[in-house]
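# Topology and contacts: notes
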Amino acid sequence: MQNLDKAAVPRHVAIVMDGNGRWAKKRFLPRFFGHKQGVDALVRIVQACLDREIEYLTVFAFSSENWKRPSDEVSGLMGLVLAAVSRYLARLGDMGVRIRIVGDREAVSDKLRAAWNEAESSTEHNTRLTLNVAFNYGGRWDIVQACRKAIAAGVPADALTEAKLSEFMAMSYAPDPDLFIRTGGEIRISNFLLWQAAYTEFVFSDCLWPEFGEAELDAAIQAFRTRDRRFGGVNPQPVAQGA
Ligand code: IPE
Ligand code: IPE
Ligand code: MG
């Protein structure tokens, strides 16, 4: 691990874990093996985030659009998630990780829903790192579900400010991501955190997700540190008149 100044470490890192299929293809293996390797990469990166005192890690595991994949790949992914929960849940809990699932749970099986509930409830008191697993998640879904909840809560139209709507977004408990990493070489959002990424810094890596490790994470954090975040203002901030 590089010696990273704590102030320059992002509080919230979001990752599009892409490139599993290509990793497998390069090895003449079925895509499933790329996803399997991808789970191990995730556990490595969770540990790396803990070591760097990152507070929130949000990973894109299955998008609202990934149902378009062949049914054997989709069922393989669902099985893999169940296996990953039973294999790693206790270890993640011991590491101090709080797990939250973000996404539409309606469409997943009862078994998977039960596993998600168990993952969340058994880790809810942990405080070192919040791992948000975006599953059956889409940025557009999130905005629509937030609007629906606001309407159901009786929020009048003129009270529906940006701050108010944020309260209904799936990750209202977390600050917006500081750093957004996409592995696998594609330079697009693919419907990830559309609302929350308004002022997030983007880093795109050609590294395929199963090969993503500490060195690649540090390279992304290093790139983040060179960015001048202005949030629409100017840097350095002008001294106020009369100050
Ligand atoms: C990302 O890897 C994992 C999921 C979408 C579940 P891909 O499966 O998209 O891998 P590539 O992009 O085909 O290599
Ligand atoms: C985004 O990757 C979704 C996840 C990593 C879970 P995709 O592989 O589905 O994105 P596209 O289809 O290349 O845009
Ligand atoms: Mg992909």
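For the structure, see preceding data.
Residues numbered from 1 in each chain as written. Chains lettered and ligands numbered in written order. Predicted model: local features only at pLDDT ≥ 70, side-chain atom pairs only at ≥ 80, totals over all residues. Heavy atoms only, no water.

## Quick word on the sheet that holds strand β2 (residues 56–63)
Strands sit in the order β3-β4-β2-β1-β5-β6 across an open sheet of six strands; the sheet is parallel. Edge positions in the open sheet fall to β3 (97–102) and β6 (201–204), since each of these has one partner strand only. Put simply, the sheet's adjacent strands are angled 20° from each other on average, direction ignored. Sheet topology places β2 next to strand β4 (residues 129–137); seven bridges connect them, and they run parallel. Within β4, the position partnered with F62 by the bridge is F135. Docked against the sheet, helix α3 (residues 71–94) engages β2, β3 and β4, running at close to 155° with respect to β3. (Pairing = 2+ DSSP bridges. Helix = DSSP H or I, 4+ residues; strand = E, 2+ residues; numbered from the N terminus. Axes fitted to C-alpha atoms, helices over the stretch in contact; angles between N-to-C directions. Contact = heavy atoms within 4.5 Å.)

## Comments concerning the nonpolar core
Membership of the largest hydrophobic core comes to 50 residues, with the highest contact counts inside it found for I15, V46, L57, V97 and F135. In terms of residues, this core owes the most to one element, α3, which gives ten residues. Beyond its immediate stretch of four places on either side in the chain, V46 contacts L57, L92, M95, V97, L129 and L131. One finds A14, A134, M171 and F180 within the second-largest nonpolar core, a separate group that totals twelve residues. (Core = buried A, V, L, I, M, F, W, Y, C linked by side-chain atoms within 4.5 Å. Buried < 20%, exposed > 50% of the residue type's maximum accessible area, 1.4 Å probe, protein only.)

## Some words on the pattern of salt bridges
Within this structure, the stated rule accounts for 17 salt bridges. Residues D18 and R182 are paired through a salt bridge, measuring 2.9 Å at the closest nitrogen-oxygen approach. A residue pair is termed long-range when its members are at least 10 positions apart, and D18 in the loop between β1 (12–16) and α1 (20–26) and R182 in strand β5 (residues 179–182) qualify at 164 residues. Residue E73 pairs with R69 through a salt bridge whose shortest N-O separation is 2.8 Å. Connected through salt bridges with shared partners, the residues D18, R22, R182, E186 and R188 form a single ionic network. (Salt bridge = Lys/Arg side-chain N within 4 Å of Asp/Glu carboxyl O.)

## Details of the packing of α3 against helix α4 (residues 110–123)
Interaxial distance between α3 and α4 falls to 10 Å at its minimum, and their mutual angle equals 15°. As the angle between them shows, α3 and α4 are arranged roughly parallel. In this structure, the crossing between α3 and α4 has a hand that is left-handed. For the pair formed by α3 and α4, the contact residues are M78, V81, L82, V85, L89 and G93 on the first element and K111, L112, A115, W116, E118, A119, S122 and T123 on the second. (Parallel < 35°, antiparallel > 145°, perpendicular 65-115°, else oblique. Left-handed = near helix turned anticlockwise from the far one by under 90°.)

## Looking at the site of ligand 2
Close contacts around ligand 2 come from V16, M17, D18, F60, A61, F62, N66, R69, R182, R188 and S190, and that covers them all. In this structure, an oxygen atom belonging to ligand 2 sits 3.2 Å away from a side-chain N or O atom of D18. Burial of ligand 2 by the protein amounts to 78% of the accessible area it has alone, namely 390 Å². Counting residues per element, the shell around ligand 2 draws most heavily on β2, at three residues. Among the residues forming the shell around ligand 2, the class breakdown is five nonpolar, two polar and four charged. (Near = heavy atom within 4 Å. Polar contact = N/O pair within 3.5 Å; in protein donor to acceptor, adjacent residues only side chain to side chain. Areas by Shrake-Rupley, 256 points an atom, 1.4 Å probe, with all protein chains shown as cover. Nonpolar A, V, L, I, M, F, W, Y, C, P; charged D, E, K, R; others polar.)

## A closer look at the site of ligand 1
Looking at ligand 1, there are 13 residues lining it, with D18, G21, R22, R31 and R69 nearest. In the environment of ligand 1, an oxygen atom lies 2.9 Å from a nitrogen or oxygen atom belonging to the side chain of R31. Relative to its free-state accessible area of 380 Å², ligand 1 is covered by the protein chains to the extent of 87%. Broken down by secondary-structure element, the contributors of at least two residues to the shell around ligand 1 are α1, α2 (31–51) and α3. Ranked by the residues each element gives to the shell around ligand 1, the list is headed by α1, at three residues. For the shell around ligand 1, the class distribution of residues is three nonpolar, five polar and five charged.

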